[in-house]
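Spelled out from the first residue to the last, the chains are:
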Amino acid sequence: MAQCDDSQSHCNGLAVAGCKGECVLPHMPWFGMDVGGTLAKLVYFEPTDVTEDEEQQEVETLRTIRRYLTGNVAYGSAGIRDVHLQMEGVRLGGRTGTLHFIRFPTSSMRAFIELTKEKKLATLADTICATGGGAYKFEHDFKTEVNLTLQKLDELNSLIQGIHFIDSLYLSECYYWSHPDIRDSEQCKKLPFDFSDPYPYLVVNIGSGVSILAVRSKDEYQRVSGTSLGGGTFLGLCCLLTGCQTYEEAIEMATHGDSTKVDKLVKDIYGGDYERFNLPGHIVASSFGHMLSPEHREDVTKCDLARATLVTITNNIGSIARMTALNQGIDKVVFVGNFLRVNPIAMKLLAYAMEYWSKGQLKALFLEHEGYMGAVGCLLELVKQKLS
Ligand SMILES: Nc1ncnc2c1ncn2[C@@H]1O[C@H](COP(=O)(O)OP(=O)(O)OP(=O)(O)O)[C@@H](O)[C@H]1O
Ligand SMILES: CC(C)(CO)[C@@H](O)C(=O)NCCC(=O)O
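These numbers were taken from a predicted model, which means no experiment stands behind them.

**A look at helix H3 (residues 109–118)**
Every α-helical turn comprises 3.6 residues, leaving residues that sit three or four positions apart pointing alike.
Next, step 1: Regarding H3, the residues found buried are Met 109, Phe 112, Ile 113, Leu 115 and Thr 116. In an axial view of H3, the angular spread of the buried residues amounts to 160°, which keeps them on one side of the axis. In H3, the exposed positions angled more than 90 degrees off the buried face are occupied by Arg 110, Ala 111 and Glu 118.
Next, step 2: Tucked inside the fold, the buried residues of H3 contact strand E1 (30–35), strand E2 (39–47), helix H2 (60–71), strand E3 (74–75), strand E6 (95–105) and helix H5 (139–146).
Next, step 3: Downstream of H3 by one or two residues, Lys 120 has phi in the positive range, about 55°.

**Concerning unusual backbone geometry**
Next, step 1: Omega for the peptide link from Met 28 to Pro 29 comes to 5°, which places this bond in the cis form.
Next, step 2: Residue position: Pro 29 is located in the segment before E1.
Next, step 3: Phi at Asn 278 takes a positive value of approximately 60°, unusual for a residue other than glycine.
Next, step 4: Locating Asn 278 in the fold gives a position in the loop between helix H9 (266–270) and strand E15 (284–286).
Next, step 5: Within the chain, Val 342 stands out as a residue other than glycine whose phi angle is a positive 40°.
Next, step 6: Structurally, Val 342 is set in the loop between strand E16 (332–336) and helix H12 (344–357).

**Comments concerning a nonpolar patch on the surface**
Next, step 1: Together, Leu 237, Leu 240 and Leu 241 line one region of the surface with nonpolar side chains, adding up to about 290 Å² of accessible area.
Next, step 2: Tracing the chain through its elements places Leu 241 in helix H7 (residues 231–242).
Next, step 3: Judged by its relative accessible area of 35%, Leu 241 falls in the partly exposed class.

**Regarding the site of ligand 1**
Next, step 1: Contacts to ligand 1 come from 20 residues, most closely from Gly 37, Thr 38, Leu 39, Lys 41 and Ser 208.
Next, step 2: Ser 208 has a polar side-chain atom sitting 2.7 Å from an oxygen atom of ligand 1.
Next, step 3: Here ligand 1 has 650 Å² of accessible area as a free molecule, and 88% of this is covered by the chains.
Next, step 4: Of all the elements in the fold, those that place two or more residues in the shell around ligand 1 are E2, H7 and helix H8 (247–255).
Next, step 5: No other element matches H7, which puts 3 residues into the shell around ligand 1.
Next, step 6: Considered class by class, the residues forming the shell around ligand 1 number 5 nonpolar, 10 polar and 5 charged.

Definitions and cut-offs
Each chain has its residues counted from 1, running along the sequence as written. Throughout, the order in which chains and ligands are written sets their labels, letters from A for the former and numbers from 1 for the latter. Restriction of local features to residues with pLDDT of at least 70 applies here, the model being predicted, together with a cutoff of 80 or more for giving and counting side-chain atom pairs; totals for whole chains, interfaces and linings are based on all residues. To obtain the side-chain values, all non-hydrogen atoms of the structure were used and water was disregarded. The buried label goes to any residue with under 20% of its type's maximum accessible area, the exposed label to any with over 50%, and the partly exposed label to all in between, with areas taken from a 1.4 Å probe on protein chains only. Segments assigned H or I by DSSP are reported as helices when at least four residues long, segments assigned E as strands when at least two residues long, and all are numbered from the N terminus. When we speak of the arc, we mean the arc of directions from the helix axis to the C-beta atoms. Only heavy atoms enter the contact rule, under which two residues are in contact if any of them lie within 4.5 Å. Within the patch definition used here, like charges are joined within 9 Å and nonpolar side chains (Val, Leu, Ile, Met, Phe, Trp, Tyr) within 5 Å, considering only residues with over 30% relative accessible area and no salt bridge. For the accessible areas, the method is Shrake-Rupley and the probe is 1.4 Å, while residue cover comes only from the protein chains on display. Between Lys or Arg on one side and Asp or Glu on the other, a salt bridge is scored when a side-chain nitrogen of the former is within 4 Å of a carboxyl oxygen of the latter. Nearness of a residue to a molecule or strand requires only that one of the residue's heavy atoms be within 4 Å of it. Distance and chemistry together define a polar contact, namely a pair of N or O atoms within 3.5 Å, with one atom able to donate a hydrogen and the other to accept it when in protein, and with adjacent residues in sequence counting only for side-chain atoms on both sides. Three classes are used, and their members are as follows: Ala, Val, Leu, Ile, Met, Phe, Trp, Tyr, Cys and Pro are nonpolar, Asp, Glu, Lys and Arg are charged, and the others, Gly among them, are polar.

From the geometry alone we can't say anything about function, so treat these as descriptive.
So, in structure tokens, the structure goes:
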């Protein structure tokens with residue numbers, strides 16, 4: 001990433017001596033935004049190296065914005081700041097600051113635009129870099145409601161740039177699950193993974209839908225596969241089957257459910273393992289396969305249905321990811337996206353599926369800032385464009 005040197009630290013909106021070419025940083029506040037099919041993600045860079053001089057020159061609106069964003073953990077009726085993900089001491093564009101991570105449902109986008117107007121969040125920014133389908137869908141609303149022109153960036157490019165930046169900043173960003181045996185979760189431990197030599201790797205971005213990318217170097221990547229059966233499918237089916245209202249509720253129900261009352265296992269068909277082809281009795285032979293029988297239907301709870309939905313969608317993604325990895329000759333598979341938020345069941349299942357079906361050849365990796373990579377990539381681009 002292009003950056004001012006450390007000696008040029010206070011260059012907010014000013015031409016900076018010593019930068020190659022024209023080095024003019026965008027005016028604060030600095031945001032990166034990713035408006036997806038389900039969730040909108042906002043990353044805000046709060047400078048913490050503000051000098052007294054700068055503070056005195058700082059316009060009141062900028063101070064108000066900073067205080068509003070950093071002084072609250074909830075915004076409007078649906079916006080949430082993920083405080084546990086906050087990153088301190090981040091160097092960006094020659095400045096030092098804190099990255100704040102905020103999300104809200106894309107269905108509340110119009111309310112968010114109203115809030116932007118009310119809190120004057122858009123009055124100072126000369127550019128807002130935005131990615132995701134919503135950058136296109138809501139472009140007109142931003143223009144007409146708050147007179148803001150969105151600079152639209154590609155979501156998958158932003159995702160990759162975000163991954164590399166965040167991983168370079170934070171040593172324990174990347175992790176894996178050791179001994180991910182689904183029948184013995186006591187054994188399963190979250191451990192850091194050294195991702196400093198990452199290439200080649202596969203990224204499986206599990207959002208509303210799923211995109212799979214093969215990344216062979218910093219700038220060399222391709223979207224090699226995808227599936228419409230993603231996080232949106234899990235939540236949509238769960239709402240239909242259980243009457244739950246939120247993602248958190250769906251995950252809570254799944255945590256207390258038993259999918260084997262819904263799914264037909266190999267042992268339900270064979271009475272044990274299918275030895276000839278090495279299919280152990282405990283694996284799923286047919287997702288939701290028990291539900292054709294009235295007795296089984298009477299026996300299941302909503303929690304069982306939620307768990308089975310989670311297992312079905314996750315295993316399907318795992319299976320596509322594994323086949324894609326084999327096809328591409330890649331052994332590291334990085335799973336990201338908000339489907340993995342507060343979802344250790346899915347992460348452990350993916351870890352198990354990768355390891356078990358590849359006989360230990362494939363490694364499933366995860367990132368702490370799982371759903372924010374695209375928004376971070378956008379923030380980087382905002383600063384980079386002005387510096388280049
Ligand atoms: N608070 C939440 N509300 C709704 N869904 C959530 C929430 N937290 C996690 N999720 C899960 O995350 C998924 C959305 O993930 P993400 O934000 O990465 O995708 P997106 O950008 O909205 O979608 P896409 O990239 O396909 O446009 C949802 O489908 C759901 O499974
Ligand atoms: C359409 C996107 C890229 C939007 O983020 C995503 O939801 C996706 O990759 N869906 C799956 C599309 C498919 O490959 O079938």
